[in-house]
Amino acid sequence: MSSNTPRILLIDDEVSKEESVAAGLRLSNLLVEVRSPNTVTRNDLRSSKVIAIDHHFDWAVVPHPSECLYWPHDGLAVAAVVTGHLRDMDHHAAVVLRTGNLDSIAGPLPSQLRQPAVAAENGLDWVFRKGDPAIADGLHSIARAVDGLESLVADPTGWNEGCAWLDVPETKWKEAALADVQVCRPPENFVAAYTSGSAWLRWFAQRVLPFPTFIIPDIWAATLLRLPLEDFREITSEDNGLAEALNQCRYTGHLAELGERRWWRAGLDSLVDALLLDASSHLPEAEALAEQMTVLRGSPVRTIGFDYPVVTIDSDYQPGEVLDASDCVRLTPDFWPVFGQEPWAAFDDLYDDLQLRKMVARGDRPRSRREGDDA
């Protein structure tokens, strides 16, 4: 293997069983070592880019002192010990959890929130579900992201909102994109230096990627362009002027493989502005966009006719329909970043979902009540 092959350390109580997992990961060009917790050395930690810890440990098969405070209860506790050693060594490997029981760990957390929230609440960089076919890509992605943080650790003052790490394209909207990043208050100075860059990695993986922020998932990107989601996905797979313009806005920086694809909001905003500038001035916005996107595509484009289209979510934070804001209420969901795009819920969904109703923003609560409601 190349000297640049990322080294992954798997910590598990059943080393022989995990060797089969390690063999599969090695086929994807990862250098993988498997250790039981009682055999891990500081050199193992120091030489690793990513340390992946199993959640469940059968301590009956792992030698340890009998006093409970001298051995970790589970993988979350092992991760805390590992993190302490990494801090002492000033080594910024990523620490992730591998679990086949995420739903149990996460308890009542919304399904879309489980990986970032469990990671955030337990001082981890990320959480992987065991058996996930994309785990090798995820480990590669995190290892490369850790490597990319070296310049931040060396000189936080020259980080420039992570321009190179995020792979911001050299376009006319580059500065707007970096301004959007700065609004999200990234830890790129003193905090980044204090944590050897891990604060940036966790901010991005846990607070930016899972939500519509300065980079947005397909449904928010389609809505910004007033395109139906299925049409947006079809167009981006084509070979024409519109597809080319859209794909220039695709996020390709670190951790792009950690979840569904994302799009630079600043790039899409710039494209919309340019399209409207060239459109017939008498047309409503949706029709004007359809006119100009049809020209670029070379075939008809249909757009959403709502005055103010918004993306709705359910109580699991799963995106749902795109509706007009007049038919929706704003939400304030737990853990949703204040710098994220505003989440909405349809009026009709509130009465079948008590958890969703509890999320309604204070200012919209009067609008959310049916006649005769006291709540």
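Throughout this document, residue positions are counted from 1 along each chain, in the order its sequence is written. It should be noted that, the model being predicted, local features are given only for residues of pLDDT at least 70 and side-chain atom pairs only at 80 or more, the latter also being counted only at that level, while totals for whole chains, interfaces and linings use all residues. By convention in this description, side-chain values take in all heavy atoms of the structure and omit both hydrogens and water.

(A) The arrangement of the overall build of the protein in detail. Each helix corresponds to a stretch of at least 4 residues labelled H or I by DSSP, and each strand to a stretch of at least 2 residues labelled E; elements are numbered beginning at the N terminus. When you go through the protein residue by residue, the secondary structure sums to 19 helices and 11 strands. The globule rule used for comparison is 2.2 Å times the number of residues to the exponent 0.38, while the radius of gyration itself is calculated over C-alpha atoms. Here the C-alpha atoms of the protein give a radius of gyration of 23 Å, agreeing with the 21 Å that 2.2 N^0.38 yields for 375 residues. Over its C-alpha atoms, taken along the principal directions, the protein stretches across nearly 75 × 55 × 40 Å. For each residue, the accessible area found with a 1.4 Å probe, counting protein chains only, is set against the maximum for its type, and the residue is called buried under 20%, exposed over 50%, and partly exposed in between. Split into buried and exposed, the 375 residues of the protein put 50% on the buried side.

(B) Representation of the environment of V146. Mapped onto the elements of the fold, V146 is located in helix α6 (residues 135–148). Assessed through its relative accessible area of 3%, V146 is described here as buried. Residues V146 and S111 lie 35 residues apart in sequence; the distance between their C-alpha atoms is 27 Å. The residues contacting V146, other than those within four sequence positions of it, are K49, H92, A94 and L201. Only heavy atoms matter for contacts: two residues are in contact if any of them lie within 4.5 Å across the pair.

(C) A look at the side chain of D231. Position of D231 relative to the elements: it lies in helix α13 (residues 229–236). Looking at D231, its side chain comes within polar contact range of the side chain of R302, at 2.6 Å. A 3.5 Å cut-off defines polar contacts: any pair of N or O atoms within that distance qualifies, except that in protein one atom must be a possible hydrogen donor and the other a possible acceptor, and neighbouring residues in sequence count only when both atoms are side-chain atoms.

(D) The arrangement of the layout of surface pockets in detail. Method remark: on a 1 Å grid restricted to protein atoms, a set of points is classed as a cavity if a 1.4 Å probe fits but cannot get out and as a pocket if it is open with protein on both sides within 12 Å along at least five of seven lines; lining residues have an atom within 4 Å of a point. Grid points are joined across faces, edges and corners, and a volume is the space filled by probe spheres set on the points. For the largest pocket, the calculated volume is near 580 Å³. Only Asp, Glu, Lys and Arg are considered charged in this grouping, and only Ala, Val, Leu, Ile, Met, Phe, Trp, Tyr, Cys and Pro are considered nonpolar; every other residue, Gly among them, is considered polar. Its residues placed into classes, the lining of the largest pocket shows 15 nonpolar, four polar and six charged.

(E) Geometry of the sheet that holds strand β3 (residues 50–54). Overall, parallel pairing links the five strands, which are arranged β2-β1-β3-β4-β5 in an open sheet. At either margin of the open sheet sits one strand with a lone partner, and together these are β2 (31–35) and β5 (126–129). Averaged over all neighbouring strand pairs, the angle between strand axes comes to 25 degrees, with direction disregarded. Judged from the five bridges that link them, strand β1 (residues 7–11) and β2 form a sheet pairing that is parallel. What sits directly across from I8, in β2, is V32. Fitting a line to C-alpha atoms yields each axis, with helices limited to the stretch in contact; the angle taken between N-to-C directions then spans 0 to 180 degrees. Running over the sheet, helix α3 (residues 75–89) touches β1, β3 and β4 (94–99) and is turned about 155 degrees from β3. DSSP-based pairing: two strands are paired if at least 2 bridges between them are found.

(F) Representation of unusual backbone geometry within the structure. In the Ramachandran plot, L255 falls in the positive-phi region, its phi being about 70 degrees despite a non-glycine side chain. Note that L255 resides in the loop between α14 (241–247) and β7 (263–264). Residue L255 is classed as buried on the basis of its relative accessible area of 1%. Positive phi, normally seen in glycine, also occurs at Y317, with a value near 70 degrees.

(G) Layout of the nonpolar core. Core analysis: the biggest nonpolar cluster contains 84 residues, and W165, L166, F204, F214, L255 and W264 have the highest contact counts within it. Counting residues per element, this core draws most heavily on α6, which supplies seven residues. If we skip the residues at most four places from it in the chain, L166 touches E161, V181, W200, F204, F214, Y251, G253 and W264. To qualify as a nonpolar core, a set must consist of buried Ala, Val, Leu, Ile, Met, Phe, Trp, Tyr and Cys residues joined through side-chain atoms within 4.5 Å. Counting 23 residues, the second-largest nonpolar core is a separate cluster that includes W59, A93, A119 and L124.

(H) Up close: the environment of P169. By the element assignment, P169 lies in the loop between α8 (163–166) and α9 (174–183). Separated by 132 residues in sequence, P169 and V301 have C-alpha atoms that sit 27 Å apart.

(I) Examining the pattern of salt bridges more closely. We count a salt bridge whenever a side-chain nitrogen from Lys or Arg sits within 4 Å of a carboxyl oxygen from Asp or Glu. For the coordinates displayed, the defined rule picks out 27 salt bridges. In this structure, the salt-bridge partner of D44 is R35, at a minimum N-O distance of 3.3 Å. Overall, R35 belongs to the partly exposed group, its relative accessible area being 23%. A salt bridge links R330 to D364, with the nearest nitrogen and oxygen atoms 3.0 Å apart. Pair noted here: R330 is in strand β10 (residues 328–330) and D364 is in the loop between α18 (354–358) and α19 (365–368), with a separation of 34 residues, a long-range link. By relative accessible area, which is 5% here, D364 ends up buried. In the salt-bridge network here, residues are joined through shared partners; they are R7, E33, R35 and D44.

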